[in-house]
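Residues per chain are reported as follows:
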Amino acid sequence: MKIDLNGEWELSTSKVSGVKAVLPGTLDENKVGDPDKVAKPWHPDVEDRNKELNKTMEESKVITSRLTRNYTYEGPAHFSRFFDGDIEEGKRYFLVAERSRALSLKIDGEPVECISGSLSTPYRFEVTGKLRKGSRIELTSDNTYPGLPYRDIVFSSAATDESQTNWNGLIGEIYIEDKEPSFISNVLVYPMGKELEIAVELSLDKRLSGVDIAVSGDCLEKEALFKGIGGGLVDDGPGFGRGAVGGSESGNGDAGQGYTELTVRLPKVALSEATFSKKWDEYEGNLQILEVKMLANGQVLSKVSVTFGVRSFSYDEKGRLTLNSRRIFLRSEANCAYFPETGHPPMDEESWEKIVKTYMDYGVNCLRFHSWCPPEAAFKVADKMGILMQPELSHWNPREAFGTEEARKYYENEMREILRTYGNHPSFVMLTWGNELTADDKGIEEMHRLLDIAHRMDKTRLFAWGSNNFYGAKGADEKSDFFTSARFKDRHIRESGNKGIFNIRYAASKFDFEYVMQDLRKEYAKPVFSFEVGQYEILPDFDELKDFKGVTRADNLLVVRDRVKELGISDEEWKKRVNATGEISLLSYREEVEAVMRTESMSGISLLGLQDFPGQGTALVGMLNSHLQKKPYDFAESSRFRAFFKEAAVLALLPRYTYSAGDVLEAEVKVTNYGKKDICGAVAYRLVAEDGMELAAGDITQAALFPVGELTVAGTISIDLGDVKKNSRFDLELSVGDLKNTYPVWVYVEAARDGAGAALPPQSPEGVYETEVFDDAAKEVLAKGGRVYLTPPSTKEALPKSIKVQFSTDFWSVGTFPTQEGAMGQLIDSKHPIFEDFPTEGYTNYQWWPMATQRALILPEYMDTIITEMDCYAYLRPMTQLMEVKCGGGKLMISSIGLQNLQQYPEARALLRSIYRYMASDKFEPTTEMSVKEVEELFR
């Protein structure tokens, strides 16, 4: 029987005394605390930099790096009430609180020892003999974590104000439950092939001479009965002993006067054939029920029903992740515990169903919980929906992880409690000791010690020393079961990042990471998947501001919105910029995913992320906003993301996206298949123009069977582009079975070639004065009403008021990574007549790669330009790469791209021809005006 303790309690803190508060709930939700004025450092590496930032924030009273809490409080929060339930003689009583901070209990002023619990699991106190009707219950939640590693915890997603918030209070279920003197306290079921290993935790009255355990259920071949527990079947080995709880030591042995705690590993029991054939799988939540009874002299003393799933999660001889012995492609998303309305995770299944369904719509099959562990409801939903889960300890210490005894004790306990509490969930497949941990040799020894304990406790899951530990610099850890990192030593295994691969190599769809994996495999033979891939920032959608109605405010976004208004950027113009950055981000994510798909020896990819993270400098990187709602733009449609984020794909390995008419487009085609069935059939291809004209079509017949778990070469396509008569955008369409994929291809007609057939650069037309400097001759031409094309080299020396730009949007946020320039890609006036013969969208695509990686000119104020370089919201500088103005009586075109130095690229030659054609035409009629002096200032 459970006695619910939800409802009104009396709350006292160092600030208030005897106020009413509702549990479950937090101080934030009860509107208790101080104003949130100063943002604390969220990471040790930014503490020094944040000192000055904090001073500025204190002066302005506005936090611009993250959401602002309406109320904040750190310290003990005492919740008290009187117990009005009845106590039955001969029963044992326990108080259970599903989730809290460091939690302690007093009954009538007397401390009660915590039996089990952690920040990630329910707290449990035995109150037998202490609780009576009328007793005063006092629960104290302390978010300063006395006796625990405070800094390690508050940097983690479990308690940082950058995401979940360091809330204080109790959430989830809070209740008193009664038990018989002897009862089953926990059952853990481990599917091992066609058998089950079962561990039963018992709390026994010492007066019992022995008990029997009966195991039954439709999932079993037959019922099993094990006699004489306490007299021969006890296995109280080191695997199930508990570590520290709340900073103190507790373990197996006496649970209280007259009781003892035992953990029993039963002999294996056989599954039925029907059960074994109906496995829990990706997107298939096949669940089973097992009943375990404890008997004495034939009488049932206690029984427990356990829900579990039959599955295996491991890796094969080639170091590839397997689910039920089938290779899978891990499509993981990092959840950083962003719940802006409550400041804490939901504790109910209905909310988690919405969350998991949203992720599934985007193709996700695994959720990584960045330095935190979700509640029971999340695991239950993942079980039902067939989603893999990778929780982590509440640990982010990039300097001295496991450096103190309190850290070592606490994290051992948290690990054990997570495995004991959530161990029956088939969705729970991986666990790491935290995010980006760095440690000395002693700390590494502790990581390995925990791995040894975890492997003894549970052989059905994979464990690793951390996610992106040492930022990959130490390479893979041989004792860990998998390696997830942004790099292997000094070589990246993702394309994003400051000065990432994506922005330094010419655009193509043939790149992969096998060159890194070849070296990695010399040292490590287990699964490898990439870490926090993406982080491509998108400009903020201010429509979300109306949704902040709970415990946090988006003051950081309000600051940006007000600056945008002050700069004179209209709502329509801003939405164009949001859309453009979103499209560039989507394009970048696709390349990241397909690069890993092309890497045969990798097991998948873990993203960061689909959801905005309005902390850490405000990192709005998602297709979804911070409320996990789709942004109101086409780029955020789940179908567009899932088109490439899926279990199988047909891939064209294009050496480039741009060609000259007369070239031959040749590309190898591969099919990656990590679904559940082989794919059969020839790969069909079509090259189709935007107007629907089909330039080429055919079948690739080299291979017609694409087995599960393999990356298979289908063959090669070869298409003669000699019949293309005008500059055109084509779509290369590939299909096999139900799989389809499309790649953009641009073909440009060359104006002239030399005797050897090489394309020649276009020549400046008569009547246009072209110059690399704004010299007297240029001013004279303008004064006579002439036309000037000002095209300095795209260098810092030639363009002192400029920044180096990149193809993608910026990485995460300039608040976190201030050394990056902050450029956010091109906003292109695609309807401008200059592009009549240069097909383009209104944002950067692959045909812009050479130009999009040059420099952008910083303007004195916002104005309409042909190619605007968008800036991050931290700076919001007005910038351009191509603009036209009336100046000094004439017409002036200004370029910061340096096209004259990019003529090895067909797209650059085509763009330059388009500029020349436009400038020589009657359509060249600029409307914006700049004085000669203003233009001169641009280059000083």
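Remember, predicted model here, so these are calculated numbers, not experimental data.

Account for the sheet that holds strand 2 (residues 7–12), naming residues and giving values.
What the six strands build is an open sheet, ordered 3-2-6-12-8-9; its pairing is antiparallel. Since the sheet does not close on itself, it has two edges, and those belong to strand 3 (19–23) and strand 9 (110–112), each with one partner. When strand polarity is set aside, the average angle formed by the axes of neighbouring strands in this sheet is 35°. Across five bridges, the pairing between strand 2 and strand 3 is antiparallel. What sits directly across from Glu8, in strand 3, is Val22.

Account for the sheet that holds strand 39 (residues 648–653), with residues named and values stated.
Across the sheet, which stays open at both edges, the three strands sit in the order 39-41-46 with antiparallel pairing between neighbours. Looking at which strands have only one partner, the edges of the open sheet turn out to be strand 39 and strand 46 (710–720). Along the sheet, successive strands turn relative to each other by an average axial angle of 20°, direction set aside. Direction of pairing for strand 41 (residues 664–673) relative to strand 46: antiparallel, over a ladder of 10 bridges. Residue Val669 lies in a different strand from strand 46, and its bridge partner there is Gly715.

Talk me through the environment of Gly609; I want residue IDs and the actual numbers.
Within the secondary structure layout, Gly609 lies in the loop between strand 38 (604–608) and helix 11 (638–642). Judged by relative accessible area, which is 2%, Gly609 ranks as buried. It is 27 Å that separates the C-alpha atoms of Gly609 and Met447, two residues lying 162 residues apart in sequence. When residues no more than four places from it in sequence are discounted, the contact partners of Gly609 are Glu333, Gln535, Tyr589, Val621 and Gly622.

Give me the pattern of salt bridges: which residues, what numbers.
Considering all chains together, one arrives at 68 salt bridges under this definition. One salt bridge connects Arg327 with Asp316, and the closest N-O pair in it is separated by 2.7 Å. Of this pair, Arg327 sits in strand 26 (residues 326–327) while Asp316 is found in the loop between strand 24 (313–315) and strand 25 (321–323), placing the two residues 11 residues apart along the sequence. Overall, Arg327 belongs to the buried group, its relative accessible area being 10%. The exposure class assigned to Asp316 is buried, which follows from its relative accessible area of 16%. Taking the shortest distance from any N to any O, the salt bridge between Glu405 and Arg408 comes out at 3.2 Å. With Glu405 and Arg408 both in helix 6 (residues 405–422) and three residues apart, this pair spans about one turn of that helix. You can call Glu405 partly exposed: its relative accessible area is 44%.

Reading the values: rules and limits
- Residues numbered from 1 in each chain as written.
- Predicted model: local features only at pLDDT ≥ 70, side-chain atom pairs only at ≥ 80, totals over all residues.
- Heavy atoms only, no water.
- Pairing = 2+ DSSP bridges.
- Helix = DSSP H or I, 4+ residues; strand = E, 2+ residues; numbered from the N terminus.
- Axes fitted to C-alpha atoms, helices over the stretch in contact; angles between N-to-C directions.
- Buried < 20%, exposed > 50% of the residue type's maximum accessible area, 1.4 Å probe, protein only.
- Contact = heavy atoms within 4.5 Å.
- Salt bridge = Lys/Arg side-chain N within 4 Å of Asp/Glu carboxyl O.

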